[in-house]
Amino acid sequence: MVDLDVVVVGAGFSGIYAVHAFRSAGLTVKAFEAGDGIGGTWFWNSYPGARCDVESKDYSYSFSPELEQEWSWSERYPAQPEILRYLNHVADKFDLWPLIQLNTRVTGASWDADAAAWTVTTSDGASVTARYFVSAAGCLSEFNVPNLPGLDSFEGPWYHTSRWPKEGVDFTGKRVGLVGTGSTGIQVAPEIAAVAEHLYVFQRTANFAVPNRNRPWRQAEETEFKARYREYREEARQSFLGVPITGTGRPVLAEPPEDVQRLFTQRWQAGGGMPFLGAYTDLLVSQEANDVVAEFMRDRIRETVTDPEVAELLCPRGYPVGAKRLCQSDDYYAMFNRPNVSLVDIRSAPIESVYPGGVKTTTDSYDLDALVFATGFDALTGALFAMDIRGAGGLPLRTAWETGASAYLGVGTAGFPNMFMITGPGSPAVFSNVVLSIEQHVEWVRDCIIWLRAQGHATIEPTSSAQDEWMAHVSEVANATLFPKADSWYVGANIPGKPRVFTSYVGGCGPYRAKCDEVAAAGYAGFALDGLT
Ligand code: NA7
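Let us look at the structure shown here. Keep in mind it's a predicted model, so treat the numbers as computed, not measured.

## Quick look at the overall build of the protein chain
Line of reasoning, step 1. Secondary structure assignment for the protein chain yields 17 helices and 20 strands.
Line of reasoning, step 2. Looking at the protein chain alone, contacts between residues at least 24 apart form 71% of all its contacts between residues at least 6 apart.
Line of reasoning, step 3. If you average the places of the 43 positive and of the 63 negative side-chain charges in the protein chain, the two averages end up 2 Å apart.

## A word on the site of the ligand
Line of reasoning, step 1. Neighbouring the ligand are 19 residues; Thr181, Thr184, Arg204, Thr205 and Lys324 lie closest to it.
Line of reasoning, step 2. A distance of 3.4 Å separates an oxygen atom of the ligand from a polar atom in the backbone of Ala374.
Line of reasoning, step 3. Measuring from an oxygen atom of the ligand, one finds a side-chain N or O atom of Trp489 at 2.9 Å.
Line of reasoning, step 4. Its free accessible area being 780 Å², the ligand has 85% of it covered by the protein chains.
Line of reasoning, step 5. Of the residues assigned to the shell around the ligand, the class counts are 7 nonpolar, 8 polar and 4 charged.

## Comments concerning the packing of aromatic side chains
Line of reasoning, step 1. Per the counting criterion, the structure on display carries 48 aromatic pairs.
Line of reasoning, step 2. Both rings, one in Trp268 and one in Phe296, keep their centres 5.9 Å apart while their planes meet at 75°; by these two values the pair is edge-to-face. Pair noted here: Trp268 is in helix H8 (residues 257-270) and Phe296 is in helix H10 (residues 287-304), with a separation of 28 residues, a long-range link. Considered together, Trp268 and Phe296 belong to a single accessibility category, that of buried residues.
Line of reasoning, step 3. Here the aromatic residues Phe13, Tyr17, Trp42, Tyr59, Tyr61, Phe63, Trp71, Trp73, Tyr86 and Phe94 are joined through ring pairs into a cluster of three or more.
Line of reasoning, step 4. Lying over the aromatic face of Phe94, Lys93 brings its terminal NZ or CZ to 5.6 Å of the ring centre.
Line of reasoning, step 5. Above the ring of Trp44, the side-chain terminus of Arg163 is found at 4.0 Å from the ring centroid.

## Quick look at the sheet that holds strand E16 (residues 370-373)
Strand pairing in a sheet is mediated by backbone hydrogen bonds. Such pairs are either parallel or antiparallel.
Line of reasoning, step 1. In space, the 5 strands of this open sheet follow the order E7-E16-E8-E9-E12, with parallel pairing throughout. The sheet is open, and its two borders are formed by strand E7 (158-160) and strand E12 (341-345), each paired with just one other strand. Taken over all neighbouring pairs, the strand axes of this sheet differ in orientation by 20° on average, direction set aside.
Line of reasoning, step 2. The sheet contact formed by strand E8 (residues 175-179) and E16 spans 4 bridges and is parallel. Bridge assignment links Leu178 to a residue of E16, and that residue is Val372.
Line of reasoning, step 3. Against the sheet, helix H5 (residues 183-193) engages E8, strand E9 (198-203), E12 and E16, with an angle of about 175° to E8.

## Notes on the pairing of strand E2 (residues 29-32)
Each regular strand shows side chains that alternate between the opposite faces of the sheet.
Line of reasoning, step 1. Across 4 bridges, the pairing between strand E1 (residues 4-9) and E2 is parallel. Bridge assignment links Val7 to a residue of E2, and that residue is Lys30.
Line of reasoning, step 2. In the sheet, E2 pairs with strand E3 (residues 100-101) via 2 bridges, with the strands oriented parallel. Across the sheet, Phe32 pairs through a bridge with Gln101, a residue of E3.

## Quick notes on unusual backbone geometry
Line of reasoning, step 1. Phi is positive for Leu409, which is not a glycine, with a value near 60°.
Line of reasoning, step 2. Residue Leu409 is classed as buried on the basis of its relative accessible area, which comes to 0%.
Line of reasoning, step 3. At Thr423, a residue that is not glycine, the phi angle is positive and equals roughly 55°.
Line of reasoning, step 4. Within the secondary structure, Thr423 is located in the loop between strand E18 (419-421) and helix H15 (434-455).

## As for helix H4 (residues 80-93)
Line of reasoning, step 1. The end-to-end C-alpha distance of H4 is 20 Å, a good match for the 20 Å that 14 residues give at a rise of 1.5 Å each.
Line of reasoning, step 2. Listed as buried for H4 are Gln80, Glu82, Ile83, Leu84, Tyr86, Leu87, Val90 and Ala91.
Line of reasoning, step 3. As for H4, its buried residues are in contact with helix H1 (13-24), helix H2 (41-44) and helix H3 (65-70).
Line of reasoning, step 4. Following H4 by one or two positions, Asp95 adopts a phi angle in the positive range, close to 55°.

## Details of the sheet that holds strand E13 (residues 351-355)
Line of reasoning, step 1. Overall, antiparallel pairing links the 3 strands, which are arranged E13-E14-E15 in an open sheet. Among the strands making up the open sheet, the edge pair consists of E13 and strand E15 (365-367). Strand-to-strand twist in this sheet, taken as the mean axis angle between neighbours without regard to direction, amounts to 20°.
Line of reasoning, step 2. In terms of strand pairing, strand E14 (residues 358-361) meets E15 through 3 bridges, oriented antiparallel. Of the residues in E15, the one forming a bridge with Lys360 is Ser365.

## Observations concerning the side chain of Glu82
Line of reasoning, step 1. If you trace the backbone, Glu82 turns up in helix H4.
Line of reasoning, step 2. Arg85 provides the closest opposite charge to the buried, unpaired Glu82, separated from it by 4.6 Å.
Line of reasoning, step 3. Other than its neighbours up to four places away in sequence, Glu82 contacts Trp71, Ser72, Trp73, Ser74 and Glu75.

## Description of the nonpolar core
One recurring pattern in soluble globular proteins: nonpolar side chains tend to sit buried together.
Line of reasoning, step 1. Grouped together as the largest cluster of nonpolar side chains are 82 residues, with contacts concentrated most on Val8, Phe13, Phe22, Tyr61 and Trp444.
Line of reasoning, step 2. The element contributing the most residues to this core is H15, with 9 residues.
Line of reasoning, step 3. The contacts of Tyr61, once residues within four sequence positions are left out, are Gly12, Phe13, Ile16, Tyr17, Leu67, Glu68, Tyr86, Leu87, Val90, Arg233, Val435 and Glu439.
Line of reasoning, step 4. Counting 32 residues, the second-largest nonpolar core is a separate cluster that includes Phe171, Ile192, Ala196 and Val310.

## A look at the environment of Trp71
Line of reasoning, step 1. Note that Trp71 resides in the loop between H3 and H4.
Line of reasoning, step 2. In the structure, Trp71 is positioned 11 residues away from Ser60 in sequence and 9.7 Å away in space, judged by C-alpha atoms.
Line of reasoning, step 3. With residues up to four places along the chain from it excluded, the contact list for Trp71 reads Glu82, Arg85, Tyr86, His89, Glu222 and Lys226.

## As for the side chain of Ser329
Line of reasoning, step 1. With respect to the element layout, Ser329 can be found in the loop between strand E11 (327-328) and helix H12 (332-335).
Line of reasoning, step 2. The exposure class of Ser329 is buried, given its relative accessible area of 11%.
Line of reasoning, step 3. From its side chain, Ser329 meets the backbone nitrogen of Asp331 in a polar contact 3.1 Å long.
Line of reasoning, step 4. Polar side-chain contacts of Ser329 include one of 3.0 Å to the backbone nitrogen of Tyr332.
Line of reasoning, step 5. If we skip the residues at most four places from it in the chain, Ser329 touches Ile186, Val210, Pro211 and Asn212.

The rules we used
Residues numbered from 1 in each chain as written. Predicted model: local features only at pLDDT ≥ 70, side-chain atom pairs only at ≥ 80, totals over all residues. Heavy atoms only, no water. Helix = DSSP H or I, 4+ residues; strand = E, 2+ residues; numbered from the N terminus. Contact = heavy atoms within 4.5 Å. Lys, Arg positive; Asp, Glu negative; His and termini not counted. Charge placed at Lys NZ, Arg CZ, Asp CG, Glu CD. Near = heavy atom within 4 Å. Polar contact = N/O pair within 3.5 Å; in protein donor to acceptor, adjacent residues only side chain to side chain. Areas by Shrake-Rupley, 256 points an atom, 1.4 Å probe, with all protein chains shown as cover. Nonpolar A, V, L, I, M, F, W, Y, C, P; charged D, E, K, R; others polar. Phe/Tyr/Trp six-rings, centres within 6.5 Å; stacked < 30°, edge-to-face > 60°. Buried < 20%, exposed > 50% of the residue type's maximum accessible area, 1.4 Å probe, protein only. Lys NZ or Arg CZ within 6 Å of the ring centre and 35° of its normal. Pairing = 2+ DSSP bridges. Axes fitted to C-alpha atoms, helices over the stretch in contact; angles between N-to-C directions. Expected span 1.5 Å × (residues − 1). Salt bridge = Lys/Arg side-chain N within 4 Å of Asp/Glu carboxyl O. Core = buried A, V, L, I, M, F, W, Y, C linked by side-chain atoms within 4.5 Å.

Take a look at the structure:
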């Protein structure tokens, strides 16, 4: 006898919906969550300034019209504390707490072919068996601290943004060093600069950032929007990014330059990254087209930052806009006009070591009271590899994916029967409004399990051929775009030694959803059932 139908790893957006959806389908389910609260990435990333770069009305569950109507977001872009309140409200409303065990990390999971079940071990020394093992461990959860010589000797405190102390940190009057200028670094920097004696921003790669134009969500606007939420959600599900965007439908290179400037200016004024890059059809597929938007953005930096040398250093070069996640901030560039902020170029003079009182680059030393790392994540695979997952014949997932992650439709991987991933490699996940992607995956997995039970099948796993074909398609689609052309976490370039593979599906959420539905309708084509292909 197995203990449960399903074990779920994690209680972020994915795990929370998974336990609700599986229980509602009559399955016995339990989620293990390492944190002492739910929320996943939004639980851990509690640094000052943490905010989602997808609008509140989109970055929320669509499965319950009642939830949609009763919840009111206060701002256009949700800040971390509000997202956490929302997720706790969801857990209360749907009575999910009995299904979630907090303070418990899943340490391993191994497939027992004879029992046709997974044995899942946890950090409290316990183990549980389940028919299905569902990882909802998240794409951006395993954080990355650079291996800097001497970091242990640093006398002041140091922090990673993804493990921010819940009681907060007071930087008043402190000299603070910030390493990392991605989405996170760009959000936290102005908050630190506002109180610190001095902030040194150590920049390895300059990043593109568009304004948020964040503002309170007005009552009248909310009422009007909620009246057509259902239709809007349907449009979002079928859209490319999981957020309906209106573009011109034309290539930028065919447009009169003055029209281009006008439209970019309008979208810059309106704020947000998706409408900006979605303005023309060729911005993310043609380098020449991308250069047009890149130059527009560099001009905005030059007109914001008063010191021309600093402005030039902040101007990103050498990779296409959008090939690294486009950052969003209303005050990052202007922050460099403050007298208490310095930009340190660690591309030309890298950090050599940390000494008890600060950071030494190849050319200078910086005395610091505190250090902040906004150095990102071992994305997409990090959280999976943090568990000792062993499939058929005891094969470790790490070994199976030695040369890069490979999964069929992003939901399952060959050699790992009855294991499902929510927003796994090979899915659009990180290139979409991830909440809608999560819902789609959870519902697909739920329906698959129901179908397996109804048909009397004990196991399911992708065939190697279907998986290889899908990953070849993922690569083909990606290689027709500019996305793989930057050293980003999208390709694993931020983690030394990680295989450089672009594993996200950038063919659009709507087409991806249709493909998943088609596979299910064909009796789970491309999957082996009960070990039979
Ligand atoms: P990112 O986007 O991976 O950014 C990490 C930043 O840290 C980036 O500027 C990196 O420079 C820098 N970094 C990483 N390692 C080092 C070392 N060893 N030395 C110096 N600088 C380093 O992570 P975020 O947390 O900002 O954002 C992750 C996602 O969360 C984001 O895409 C959104 O989807 C939300 P690099 O560019 O690699 O030269």
